[in-house]
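Structural overview for review
Chain residues, written in single-letter form:
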Amino acid sequence: LTWNKLGIKRSEKGLIQARKRLEQIEVEVEEFDEKFEDLPALIELKSIIFYARACIESGLVREESRGCHYRNDFQSKAPNLFNTSYYKGESQKKD
């Protein structure tokens with residue numbers, strides 16, 4: 001998921017596909033959460049899911065290409081976004 005949809009080259013379509021797949025993965029993890037006996041592995045899995053969610057949502061919000069963040073659908077830098085950060089709790093981009 002992260003290699004194919006959250007790699008160096010990203011697009012809104014791919015990020016939305018990644019979000020949908022990640023939601024499925026989250027449901028699957030919750031289904032076996034209580035039965036999972038390897039607590040360190042479960043914590044690591046949930047951390048990876050958290051990281052993937054952060055990459056997806058921040059990728060959807062930043063509509064420019066800068067540094068290692070490259071959007072196929074927004075190939076230029078946006079000068080007004082230089083030295084900015086985003087935090088909205090949840091992305092405003094919907095399916």
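The structure this text deals with has already been given above.
All values reported here derive from a predicted model rather than from experimental measurement. (Residues numbered from 1 in each chain as written. Predicted model: local features only at pLDDT ≥ 70, side-chain atom pairs only at ≥ 80, totals over all residues. Heavy atoms only, no water.)

A tally of regular secondary structure across the chain gives three helices and two strands. Counting all 95 residues of the chain, 27% fall into the buried class. Put simply, of all contacts in the chain between residues at least 6 apart along the chain, 56% involve residues at least 24 apart. Surface accessibility of the chain: about 6900 Å² in total, with carbon and sulfur atoms responsible for 55%. (Helix = DSSP H or I, 4+ residues; strand = E, 2+ residues; numbered from the N terminus. Buried < 20%, exposed > 50% of the residue type's maximum accessible area, 1.4 Å probe, protein only. Contact = heavy atoms within 4.5 Å. Areas by Shrake-Rupley, 256 points an atom, 1.4 Å probe, with all protein chains shown as cover.)

This paragraph deals with helix α2 (residues 12-32). Compared with the 30 Å implied by 1.5 Å per residue over 21 residues, the 31 Å span of α2 between its first and last C-alpha is a close match. Taken together, the buried positions of α2 are occupied by Gly14, Leu15, Ile16, Ala18, Arg19, Leu22 and Val29. (Expected span 1.5 Å × (residues − 1).)

In total, this model carries five salt bridges according to the counting rule given. Close ionic contact of glutamate 26 with arginine 53 constitutes a salt bridge, the shortest N to O distance being 2.7 Å. Taken together, the residues glutamate 26 in helix α2 and arginine 53 in helix α3 (residues 39-61) connect sequence positions 27 residues apart. Glutamate 26 sits in the partly exposed class, given a relative accessible area of 26%. You can call arginine 53 partly exposed: its relative accessible area is 21%. Two residues, glutamate 57 and arginine 53, come together in a salt bridge whose shortest N-O distance is 3.3 Å. In this pair, glutamate 57 and arginine 53 are both assigned in helix α3, four residues apart and thus about one turn of the helix distant. Overall, the relative accessible area of 13% leaves glutamate 57 in the buried class. What you see here is one network of salt bridges that share partners, running through Arg19, Glu26, Arg53 and Glu57. (Salt bridge = Lys/Arg side-chain N within 4 Å of Asp/Glu carboxyl O.)

What follows deals with the packing of α2 against α3. Two elements in contact, α2 and α3, have axes whose closest approach is 10 Å; the angle formed by their N-to-C orientations is 155°. As far as their axial angle goes, α3 and α2 are roughly antiparallel. For the pair α2 and α3, the crossing hand works out as left-handed. Note on element contacts: α3 touches α2 through Leu42, Leu45, Lys46, Ile49, Ala52, Arg53, Ile56, Glu57, Gly59 and Leu60, opposite Glu12, Leu15, Ile16, Ala18, Arg19, Leu22, Glu23, Ile25, Glu26, Val29, Glu30 and Phe32. Considering only residue class, the contact of α2 with α3 consists of 13 nonpolar, one polar and eight charged. (Axes fitted to C-alpha atoms, helices over the stretch in contact; angles between N-to-C directions. Parallel < 35°, antiparallel > 145°, perpendicular 65-115°, else oblique. Left-handed = near helix turned anticlockwise from the far one by under 90°. Nonpolar A, V, L, I, M, F, W, Y, C, P; charged D, E, K, R; others polar.)

The next point concerns the nonpolar core. Core analysis: the biggest nonpolar cluster contains 12 residues, these being Leu6, Leu15, Ile16, Ala18, Leu22, Val29, Leu42, Ile49, Ala52, Cys55, Ile56 and Leu60. Looking at this core, the elements with two or more residues in it are α2 and α3. Of the residues forming this core, the biggest block, six residues, is contributed by α3. Sequence-distant contacts of isoleucine 49, that is, excluding residues within four places in its chain, are made with Leu22, Ile25, Glu26 and Val29. (Core = buried A, V, L, I, M, F, W, Y, C linked by side-chain atoms within 4.5 Å.)

Helix length check: α3 (23 residues) gives 33 Å between terminal C-alpha atoms against 33 Å at 1.5 Å per residue, within 8%. When α3 is considered as a whole, its buried residues turn out to be Leu42, Ile49, Ala52, Cys55, Ile56, Glu57, Gly59 and Leu60.

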